[in-house]
Amino acid sequence: MTETAEVPAAIGDGGGTPHVRVAVIGTGFGGIGAAVRLKGVGIHDFVLLERADAIGGTWRDNTYPGCACDVPSHLYSFSFAPNPRWPRSFSAQPDIRRYLEDVVDRFGVRPHVRFHTEVLDATWVESERHWHLRTTTGELTATVLISAAGPLSDPQVPAVPGLAGFSGEVWHSSRWNHDYDLTGKRVAVIGTGASAIQFVPRIQPRVGELTVFQRTAPWILPRADRPITRTERAVFSRSALAQKAARAGVYLVREAEVPGFILTPAILRAAEVAGKAHIRRAIADPALRAAVTPNFRLGCKRVLLSNDWYPALTQPNVSLVNAGLTAVQGDTVVGSDGTRRDVDAIIFGTGFHVTDMPIAQRITGRGGVRLADRWADGMEALRGTTVHGYPNFFLLIGPNSGLSHSSMVFIIESQLNYVIDALVTMDRHQLGTVEARHDAQQRWNALLDRRMKRTIWVNGGCHSWYQDANGRVTTQWPSSTWRFRLVTRKFDVGEYRLTATPALAVAARRE
Ligand code: NAP
């Protein structure tokens, strides 16, 4: 059979509701990785449902000036698709997006993508043992549903009183308004997280006045970014081993940070000293130095890397308000300390809906329970990937599978090992459904809770998006990435409630 003949027909092509074996939501690193791995085990009956008109997920959406990755590219890429041509140690967004486009073409993923297809809801139909999906381009059913919607896909804009009455321009960093000329404008930036510290230094030379609202000062360390030389690229092109060694080197250096996060935060003291020295080198004004000095332990929130953030704050057209934004009155932004500034534009660098994943509102499992309701008291899964009550459903970057020190692509590939092994197991044992057992999920989460107690995310004296509304850390993986690879290496049927394929079940009833 030819490659195209194996690709399922378009949704809504007529002839009843189309059925696929696997439906994947999203085309970021997770969705693309899933597609390549499905093809690798001979599963071609799948679609990737993408609400936008292009692939790339967060690396498509975030086009703000200065957008780049804090994890070196040799590690922040698929192990099965090394790229010898990375131009810099820390690649910029256009390079990462180009890489993903290249992977999609190289591995024949594009014909499987249904663009402009937003999943409105996905409901488990127990009698049919499949998922029924309603999308913006029609309906379909799928035996298996994989959510690769990602935690950084839906922007979070705080509900600031008066914002709707603001007559200027407003946007979120992940929906950058490139049509608006910032030259000479009075601009308020809300937030000082990973995104804001990248775009502020880029827009500062252009804008007239820049007011940055900082609710919490982050820890920022120097960014050891450099171009990858032509010679290095030539070596990587000729030697897969050299590239593997570079990847392994980055992996080991990053992994050495883990004990500081999960066991002995004192290890990170040296990094705090480096962070404070970084401030002293860039800022002379004692008041500004004090304002940007974090009041929590390094590692409690994501550690940021930048060489140009502190220098940008010292420029004459920049003022740092050491307070959150609490109101907008007409065209005046108001801080919690009473600061008032008239502005032409407000840019929110306020992050994403992470612990309240919006896709969960659209997934309804066994017994008609929405995943968002199941998770009303906090997200919970088994091995970060499956959830009791949601048969044949897999999450990439699900609860407690996140990290900030290393590559999320490594985590995604680990979860894909697990998902693919689950599908292969279903084939081998002719299983119609697999569903995480309640007791297995409870055991898993009890283990996480025990491990979490010692971590810097709990004890570091900060409030972060790693924690949910109840203060429970539901995003982070409290161990090494290698351990995550081990716990997702094999799909253990003992942890699952299983049913036979419908054909077998009918035969069994007849006997
Ligand atoms: P973020 O890290 O969640 O930061 C959001 C910022 O908004 C925080 O400083 C937060 O303050 C602030 N904030 C929220 N409401 C506010 C208010 N009313 N007034 C003032 N400040 C307010 O979001 P992000 O920067 O978009 O980054 C999200 C994630 O994307 C990162 O953690 C990272 O995983 C990824 N990312 C990575 C890179 C990279 O690799 N370099 C770059 C960009 C993004 P508090 O700290 O007080 O909550």
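- In the nomenclature of an unreviewed UniProt entry, the protein is known as NAD(P)/FAD-dependent oxidoreductase of Cryptosporangium minutisporangium.

## A closer look at the overall build of the protein
No. 1: In terms of helices and strands, the protein carries 17 helices and 20 strands.
No. 2: Its C-alpha atoms give the protein a radius of gyration of 24 Å, near enough to 24 Å, the size a compact globule of 511 residues would have.
No. 3: With the C-alpha coordinates of the protein rotated into their principal frame, the extents come out at 85 × 55 × 45 Å.
No. 4: Counting every position in the protein, which comprises 511 residues, the buried fraction comes to 54%.
No. 5: Relative to all contacts within the protein whose residues are 6 or more apart in sequence, the contacts with residues 24 or more apart total 72%.
No. 6: Surface exposure of the protein reaches about 21,400 Å², of which carbon and sulfur atoms provide 53%.

## Let's talk about the packing of aromatic side chains
No. 1: Across all of its chains, the model carries 23 aromatic pairs by this definition.
No. 2: A centroid spacing of 5.8 Å and a plane angle of 10° characterise the contact between Trp444 and Trp477, whose relative ring orientation is stacked. Of this pair, Trp444 sits in helix H14 (residues 438-452) while Trp477 sits in the loop between helix H15 (456-459) and helix H16 (481-487), and the two are 33 residues apart along the sequence. Each member of the pair, Trp444 as well as Trp477, carries the same accessibility label: buried.
No. 3: Three or more aromatic residues link up through ring pairs in this structure, and these residues are Phe29, Trp59, Tyr76, Phe78, Phe80, Trp86, Tyr99 and Phe107.
No. 4: Above the ring of Tyr180, the side-chain terminus of Lys185 is found at 5.3 Å from the ring centroid.
No. 5: In this arrangement the basic side chain of Arg223 is found over the ring face of Phe90, its NZ or CZ atom lying 4.6 Å from the centre.

## A few points about the state of the cysteines
No. 1: Under the criterion given, the structure shown has one disulfide.
No. 2: The disulfide partner of Cys300 is Cys462, and the S-S distance across this bridge is 2.0 Å. When the S-S torsion is -85°, as for the bridge of Cys300 with Cys462, the disulfide is left-handed. One end of the pair, Cys300, is in the loop between helix H10 (286-292) and strand E11 (304-305); the other, Cys462, is in the loop between H15 and H16, with 162 residues separating them in the sequence.

## Regarding the sheet that holds strand E16 (residues 345-348)
No. 1: Read from one edge of the open sheet, five strands run E7-E16-E8-E9-E12, paired in parallel fashion. What marks the edges here is a single partner per strand, and that holds for strand E7 (169-172) and strand E12 (318-321). With direction set aside, neighbouring strand axes in the sheet form an average angle of 15°.
No. 2: By the bridge criterion, four bridges tie strand E8 (residues 186-190) to E16 in an arrangement that is parallel. Each residue of the ladder has a partner; that of Val187, found in E16, is Ala345.
No. 3: Strands in contact with helix H5 (residues 196-203) are E8, strand E9 (209-213) and E16; relative to E8, the strand with the most contacts, it is inclined by about 165°.

## Structural notes on the side chain of Glu495
No. 1: By secondary structure assignment, the location of Glu495 is in the loop between H16 and strand E20 (496-500).
No. 2: A relative accessible area of 10% places Glu495 in the buried class.
No. 3: Separated by 2.8 Å, the side chains of Glu495 and Arg383 make a polar contact.
No. 4: If sequence neighbours within four positions are ignored, Glu495 has contacts with Leu382, Arg383, Tyr418, Glu435, Ala436, Arg437 and Ala440.

## Some remarks on the packing of helix H2 (residues 29-40) against helix H4 (residues 93-106)
No. 1: Following both chains from N to C, one finds H2 and H4 inclined at 20°, their axes separated by 10 Å at the closest point. As judged from the angle between their axes, H2 and H4 are roughly parallel. The chirality of how H2 crosses H4 is left-handed. Counting all contacts with H2, which are made through Phe29, Ile32 and Val36, the residues of H4 involved are Ile96, Tyr99, Leu100, Val103 and Val104.
No. 2: For the contact of H2 with H4, the class distribution of residues is eight nonpolar, no polar and no charged.

## Describing unusual backbone geometry
No. 1: Unlike most non-glycine residues, Asn400 shows phi in positive territory, near 55°.
No. 2: Examined against the element boundaries, Asn400 turns out to sit in the loop between strand E18 (393-395) and helix H13 (408-428).
No. 3: You will see that Gln430, though not glycine, has its phi angle at about 50°, which is positive.

## A short note on the site of the ligand
No. 1: In the vicinity of the ligand lie 25 residues, with Asp70, Ser195, Arg215, Thr216 and Lys301 positioned nearest.
No. 2: In this structure, Thr216 approaches the ligand through a side-chain N or O atom, which is 2.4 Å from an oxygen atom.
No. 3: A distance of 3.4 Å separates an oxygen atom of the ligand from a polar backbone atom of Gly351.
No. 4: For the ligand, the accessible surface in isolation is 910 Å², of which the surrounding protein chains cover 87%.
No. 5: In the shell around the ligand, the residues fall into 11 nonpolar, 10 polar and four charged.

## Considering the domain arrangement of the protein
No. 1: For the protein, the assigned domains read domain 1 (19-154 + 353-510) and domain 2 (163-224 + 250-348).
No. 2: Measuring from the centre of the C-alpha atoms in domain 1 to the corresponding centre in domain 2 gives 31 Å.
No. 3: At the junction of the two partners, domain 1 supplies 36 residues and domain 2 supplies 35 residues.
No. 4: The largest per-residue losses of area from domain 1 upon contact with domain 2 belong to Asp70, His405 and Ile456, which jointly make up 23% of the total buried on that side.
No. 5: Where domain 1 meets domain 2, there are three salt bridges.
No. 6: Residue Arg302 pairs with Asp70 through a salt bridge whose shortest N-O separation is 3.9 Å.
No. 7: Our enumeration of links across domain 1 and domain 2 arrives at 17 residue pairs in polar contact (both at pLDDT 80 or more).
No. 8: Put simply, the parts of the chain that give the side of domain 1 that touches domain 2 at least two residues each are H15 and H16.
No. 9: A breakdown of the residues in the side of domain 1 that touches domain 2 according to their chemical character gives 16 nonpolar, 16 polar and four charged.

What counts, and where the lines are drawn
- Residues numbered from 1 in each chain as written.
- Predicted model: local features only at pLDDT ≥ 70, side-chain atom pairs only at ≥ 80, totals over all residues.
- Heavy atoms only, no water.
- Helix = DSSP H or I, 4+ residues; strand = E, 2+ residues; numbered from the N terminus.
- Rg over C-alpha atoms; globule rule 2.2 N^0.38 Å.
- Buried < 20%, exposed > 50% of the residue type's maximum accessible area, 1.4 Å probe, protein only.
- Contact = heavy atoms within 4.5 Å.
- Areas by Shrake-Rupley, 256 points an atom, 1.4 Å probe, with all protein chains shown as cover.
- Phe/Tyr/Trp six-rings, centres within 6.5 Å; stacked < 30°, edge-to-face > 60°.
- Lys NZ or Arg CZ within 6 Å of the ring centre and 35° of its normal.
- Disulfide = S-S within 2.5 Å.
- Pairing = 2+ DSSP bridges.
- Axes fitted to C-alpha atoms, helices over the stretch in contact; angles between N-to-C directions.
- Polar contact = N/O pair within 3.5 Å; in protein donor to acceptor, adjacent residues only side chain to side chain.
- Parallel < 35°, antiparallel > 145°, perpendicular 65-115°, else oblique.
- Left-handed = near helix turned anticlockwise from the far one by under 90°.
- Nonpolar A, V, L, I, M, F, W, Y, C, P; charged D, E, K, R; others polar.
- Near = heavy atom within 4 Å.
- Domains from an automatic or database assignment.
- Buried area = accessible area lost by both parts, 1.4 Å probe.
- Salt bridge = Lys/Arg side-chain N within 4 Å of Asp/Glu carboxyl O.

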